[in-house]
Amino acid sequence: MKKIELLSPVGGYTQFIAAVESGADAVYLGGSSFNARNSATNFSDDELKEAIKYAHIRGVKVHLTLNILIHDSEINEAIEFAKRAYSYGVDAFIVQDLGVIKLLNEVIPEANIHFSTQGTVYSLEGVNSLTPFNFERIVLARELTLEEIENICKNTDKEIEVFVHGALCICYSGQCRYSSLIGERSGNRGKCAQPCRLKYSLYMGDEKKKAEYILSPKDLCGIYDLIRLIKAGVTSLKIEGRLKSPEYVACVTSIYRKYIDLAYELIEKGEEDKYKVQEEDIKKLLQVFNRGGFSRGYYYGESSRELMCYERPKHWGVYLGKVLKYDKRRKLVTVRLEDTLNMGDGVEIVSDTLPGNVVTYIEKDKKQVKNAIRGEIVVIGDIVGEIGENEDIYKISDKELNSSLKLFTNGKFYKKLPVNMVLVAKVGENVKLNVRDNDGNVIEFISEYKVEKALNRPIDFDNAYSGLSKLGDTPFKLDNLVLDSDKDALVPASILNDVRRCAIDLLIKKRATIKRSFPSKEVEKVEVTNKEREGKISVYLYNVKNLEGLELADRVYVPISDFESVKEILKDKEVVPYLTAVERAKEGLNLDSVLVGNWEHLEFFKNVENKYCDASFNIFNSYTCKALEEVYKVRGVNLSYELNLEEIKKIDTNLEVEVTVYGRLPLMISEHCVIGSEMAGRKNCNFCEKAQFYLEDRMGERFPIITDRKSCRMQILNSKVLYAGEVIKELKGRCDYFRAYFFDESTEERRRILSALKQVEELRGFTSGHFYRGV
């Protein structure tokens, strides 16, 4: 059984050392640009080269993230960076943008490419649809169940990577435009501001129901499910956290290393029922980071309220006790401890202002002490703030734990690879040392020293082993030694030390050396046939409750479930059925055209003549258009809402081009339904049929919620309505269609909007979206 890969997050060089030395099989990291953690420290080219050498010497792979959407103006720079990184020895590229993927296939054909979770792959059909590209691995959406993961692994020859620990996004990755549209910081460009971690009020019509952090999930912890993930055939287990500390990386990596090794040991013995996770290790994971505990994500289906952390979205730490008394003048808090406390630990009190500090004073029985244990009543300081009796106290950092975790970055080598040695010592011949590692690298070092006859103490196995096993300052350990020597051969200890050092130095050099070449092929400009585009008007209906007021629409998109009935009513219109970004396709439909939202749909509807790709494909550049045209034979695309006017103008394609100019844009799509969770604590509650629900933010903006009654999947729409009629004038002759989204507009409002778009009128009171700003 090929052992599952433990893939650790690396936001900077110290985190990198922590990951490697604490047991990662591979790390993922970003360069100075083009990665989805723009605010991490990341790696310069020189640091990247050094990191790859350090990792490869220790048998660790390096995966480079190129996992954002790339503008046409950036394509050449991104591909040149990928070429450099490949020449340095990067083991794989994690990529989101289909245009970049196509170019990497052409320019660096030998490169291993992993399709990012930002690509929103959630089914076997989605995996299969990506076969034409040179993907080594697919990173699945976090929303899959263990059963779904097992099914995919059993039915594909692609490597499958899943998340096993860390933060969960409430939205399907790659489909969130919340931060982008309300704050101009795009998650698809590595700049997410995490508005989902803010407090929102849930409204049922005009009635306020709840005010909590209702879009903030707990972190995932999959440590209890390692055996099932291993037996499912998963290739790689990914820890989230490129913005986390070195201590976090070391803690999570070392604990998962421990339990992955344990899982394999028990599987081999047939004793899987003995797999147990120690409470002490869960406590360490909680201490380094948690939001109200952990969840098992979607492994066993959508778990409603158990998935979420409603009280506060930041790190909680470990529960320490309740405030018994607060001396405001002396800044001292009295508490009965529920856990150990040491000087230097960080604490936080759960009140409106969350006062806290590093503990600089502990008093027990009127005596100052350095530490205290559970059950003891102590006075701690200095804590400043509005603090009341009976408020909860949490230990948010543990000095002793952090000190032990810092050892992984102290310059000593904890990651040791086994090597086998053969020492040849024949009288009158030069001493030879052969060293072989488990990757097949072989070194033969021949010393200048010629073996002499021993008068008293010839070399034997024990003193040979003693001299050759001194590998403490190297990343190796001696696994097996063979001594091939004459009985009277003399090899002094100094010679043993010398041949060991020289052979190991050569092995290090060999493991660090990368020799790669690839065709000297440049990025070619996309060739297009110039044509005048008509600029017709299309309408996307979120629902079909009202089919009036569409007289001026040239094309109407309707939910695929309503297609058959609607096309009979709108006989004089081109009616195209659509599927959302996350919607399971069904066979048996005889269609002439379809608007698809996901890779799965391209597989299901590959024989449909007129396929259109929706904005959920994140179409950002000319090369993505070219890939969709050549590989999937699509007819048209709806360009990303995150492009500005000038960026749209730079896109060259033979495909039919559609740009959205009106409506409430979809901000996110989620497997978790806040309506069911908040109103009933479960799915299938039917509350969404009783009234329109909204989320209201701290600024008073209201975001409509729409749900799919069959799956209870949720979409959140923008609070502001887009209108950009003037853009039609700017893009005249460049676009085939301009789209309007209709949600709750009256018949007369629809007619007014469509008329304004047809006449290219300017209207006030709307947002212009990203047309004049972009991301």
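This text follows the structure it describes.
Below: a short report on this structure. (Residues numbered from 1 in each chain as written. Predicted model: local features only at pLDDT ≥ 70, side-chain atom pairs only at ≥ 80, totals over all residues. Heavy atoms only, no water.)

Turning to the overall build of the chain, a few remarks are in order. When its secondary structure is counted, the chain shows 20 helices and 41 strands. Over its C-alpha trace the chain gives a radius of gyration of 30 Å, about what one expects of a compact globule, namely 28 Å for 775 residues. Projected onto the principal axes, the alpha-carbon positions of the chain cover approximately 110 × 75 × 45 Å. Within the chain, contacts between residues separated by at least 24 positions form 69% of all contacts whose residues are at least 6 apart in sequence. Accessible area of the chain: about 32,900 Å², with a carbon and sulfur share of 45%. (Helix = DSSP H or I, 4+ residues; strand = E, 2+ residues; numbered from the N terminus. Rg over C-alpha atoms; globule rule 2.2 N^0.38 Å. Contact = heavy atoms within 4.5 Å. Areas by Shrake-Rupley, 256 points an atom, 1.4 Å probe, with all protein chains shown as cover.)

Let us now look at the pairing of strand β2 (residues 26-30). Across the five residues that make up β2, a large majority, five, are buried. Note that strand β1 (residues 5-9) and β2 share three bridges and pair parallel. Following the sheet pairing, Pro9 is matched in β2 by Tyr28. Following the chain from β1 across helix α1 (residues 13-21) to the adjacent parallel β2, one finds a crossover that is right-handed. As defined by bridge partners, β2 adjoins strand β3 (residues 61-66) across five bridges and the pair is classed as parallel. Counterpart to Val27 in the pairing with β3 is Val62. Regarding the hand of the β-α-β motif, the stretch spanning β2, helix α2 (residues 45-57) and β3 is right-handed. (Buried < 20%, exposed > 50% of the residue type's maximum accessible area, 1.4 Å probe, protein only. Pairing = 2+ DSSP bridges. Right-handed = clockwise from strand over helix to strand, strands pointing away.)

So, about helix α12 (residues 461-468). Within α12, burial applies to Ala464, Gly467 and Leu468. Taken end-on, α12 shows its buried residues confined to a sector of 90°, consistent with a single buried face. Buried residues belonging to α12 abut β23 (417-425), β24 (430-437), β27 (476-485) and α13 (493-512). (Arc of directions from axis to C-beta.)

Sheets are built from strands that pair by backbone hydrogen bonding, the pairs being arranged parallel or antiparallel. The strand order across the open sheet formed by four strands is β25-β24-β23-β27, and the pairing between neighbours is mixed. With one partner strand each, in any of the chains shown, β25 (442-450) and β27 form the two edges of the open sheet. Each strand axis lies, on average, 20° off the axis of its neighbour in the sheet, ignoring direction. Note: β23 against β24, six bridges, orientation antiparallel. Each bridged residue has a counterpart across the sheet, and for Asn420 the counterpart in β24 is Arg436. Contacts between α12 and the sheet are confined to β23, β24 and β27, with β27 contributing the most and set at about 145° to the helix. (Axes fitted to C-alpha atoms, helices over the stretch in contact; angles between N-to-C directions.)

For the rest of this paragraph, the subject is the nonpolar core. Of all hydrophobic cores here, the largest spans 208 residues; its most connected members are Phe16 and Ile223. Per-element tally for this core: the top contributor is helix α9 (residues 246-269), with 13 residues. Setting aside its immediate chain neighbours within four residues, Phe16 contacts Val10, Val27, Leu29, Phe43, Ala51, Tyr54 and Ala55. Ranked by size, the runner-up nonpolar core spans 29 residues in total, among them Val419, Leu423, Leu433 and Leu468. (Core = buried A, V, L, I, M, F, W, Y, C linked by side-chain atoms within 4.5 Å.)

Read across the sheet, eight strands follow the order β17-β16-β22-β13-β14-β21-β18-β19 without closing on themselves; strand pairing throughout is antiparallel. Each end of this open sheet is capped by a strand with a single partner; those strands are β17 (356-358) and β19 (367-369). Neighbouring strand axes in the sheet, compared pairwise and without regard to direction, differ in orientation by 35° on average. Two strands pair when backbone bridges link them, and strand β16 (residues 346-349) and β17 are joined in this way by three bridges, in the antiparallel orientation. Bridge pairing in β17 places Val347 opposite Asn357.

Turning our attention to the environment of Glu207. Considering the arrangement of structural elements, one finds Glu207 in strand β9 (residues 207-212). Of the residues examined, Glu207 reaches a relative accessible area of 43% and is grouped as partly exposed. Placed 486 residues apart in sequence, Glu207 and Phe693 show a C-alpha to C-alpha distance of 9.3 Å. Separated by 2.9 Å, the side chains of Glu207 and Lys209 make a polar contact. (Polar contact = N/O pair within 3.5 Å; in protein donor to acceptor, adjacent residues only side chain to side chain.)

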